[in-house]
Amino acid sequence: MSAIEARLSDLGVMLPSPAAPVANYVPFRRSGNLLIVAGQLCIGPDGKIADRHKGKLGASVSVEDGREAARFCAVNLLAQAKAALGDLDRIVACLRLGGFIASMPDFTQQALVMNGASDLMVGALGDAGKHARTTIGVPVLPGDVCVEVDALFEVA
C-alpha cells in the first residue's frame, strides 16, 4: 500500500474503481510531468450518486451535503490518478483543483462546498496537496449532480 493510500485509509477512504467516461473524452491525460484528470462526479463508495447529492446548493442540497459530494469527487480524482500512474506515491503535488458547484443564483457559499475536495486532497497528500483552486457556481451539471471537480497534478 502506498503512503498516500495509507493516509486515505486513516481517513476512512478506500479508493473505488475509477468511473468510465460517459462521452467522447478520456478520464485523464498525461503530458510530461503533468497529469490532468477530467471532471469527476460525486459518485459515492457504493458506486452511485446519492439523492442528497442531486440538485442545487441553496435549494434542495445543503452545504454539508455539498461538502460531502465534493469530497467524493476528490476521492474519484485520486482513483483516476491511481489508474493513470499505478501508484499514488508518484504524485509530487496537486497543483490545481477546479470546482463546479450547481447552485441557485443567490447562493454564495461555493467555497465552503469546495472545501470538501480541498480538505480531502490535503489530508491525503499532506503539504503536496495544497493547491491553487477555482470554484464557480453553475446552473446545472451532468446527471443533476451538485458538484464536479477536475484536477491538475505534478507527477514523477
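Residues numbered from 1 in each chain as written. Predicted model: local features only at pLDDT ≥ 70, side-chain atom pairs only at ≥ 80, totals over all residues. Heavy atoms only, no water.

With respect to a nonpolar patch on the surface
Moving on, step 1. Together, Leu34, Ile36 and Leu95 give the surface a local cluster of nonpolar side chains, amounting to about 200 Å² of exposed area.
Moving on, step 2. Here Leu95 lies in strand S3 (residues 91–102). (Patch = residues over 30% accessible without salt bridge, like charges linked within 9 Å, V, L, I, M, F, W, Y side chains within 5 Å. Areas by Shrake-Rupley, 256 points an atom, 1.4 Å probe, with all protein chains shown as cover. Salt bridge = Lys/Arg side-chain N within 4 Å of Asp/Glu carboxyl O. Helix = DSSP H or I, 4+ residues; strand = E, 2+ residues; numbered from the N terminus.)

A short note on the environment of Met114
Moving on, step 1. Residue position: Met114 is located in helix H3 (residues 110–125).
Moving on, step 2. Residues in contact with Met114, not counting those within four places in the same chain, are Ala70, Leu97, Gly98, Gly99, Arg133, Thr135 and Val149. (Contact = heavy atoms within 4.5 Å.)

A closer look at helix H2 (residues 63–85)
Moving on, step 1. Its 23 residues place the ends of H2 33 Å apart at the C-alpha level, agreeing with the 33 Å of an ideal helix rising 1.5 Å per residue.
Moving on, step 2. Just downstream of H2 lies Gly86, where phi reads positive at about 85°. (Expected span 1.5 Å × (residues − 1).)

A look at the side chain of Gln40
Moving on, step 1. You can see Gln40 is positioned in strand S2 (residues 34–41).
Moving on, step 2. Within the local environment of Gln40, its side chain forms a polar contact with the side chain of Gln80, the two groups lying 3.5 Å apart.
Moving on, step 3. Once residues within four sequence positions are removed from consideration, Gln40 is found in contact with Cys73, Asn76, Leu77, Gln80, Val147, Glu148 and Val149. (Polar contact = N/O pair within 3.5 Å; in protein donor to acceptor, adjacent residues only side chain to side chain.)

Considerations on the sheet that holds S3
Moving on, step 1. Reading across from one edge, S1-S2-S5-S3-S4 is the order of the five strands in this open sheet, with mixed pairing throughout. Both edges of this open sheet fall to strand S1 (28–31) and strand S4 (132–138), since each of them pairs with a single strand only. Between one strand axis and the next, the sheet turns by 15° as a mean value, whatever way the strands run.
Moving on, step 2. By the bridge criterion, six bridges tie S2 to strand S5 (residues 147–155) in an arrangement that is antiparallel. What sits directly across from Ile36, in S5, is Leu152.
Moving on, step 3. In the packing of H2 onto the sheet, the strands contacted are S1, S2, S3 and S5, and the crossing angle to S2 comes to about 140°. (Pairing = 2+ DSSP bridges. Axes fitted to C-alpha atoms, helices over the stretch in contact; angles between N-to-C directions.)

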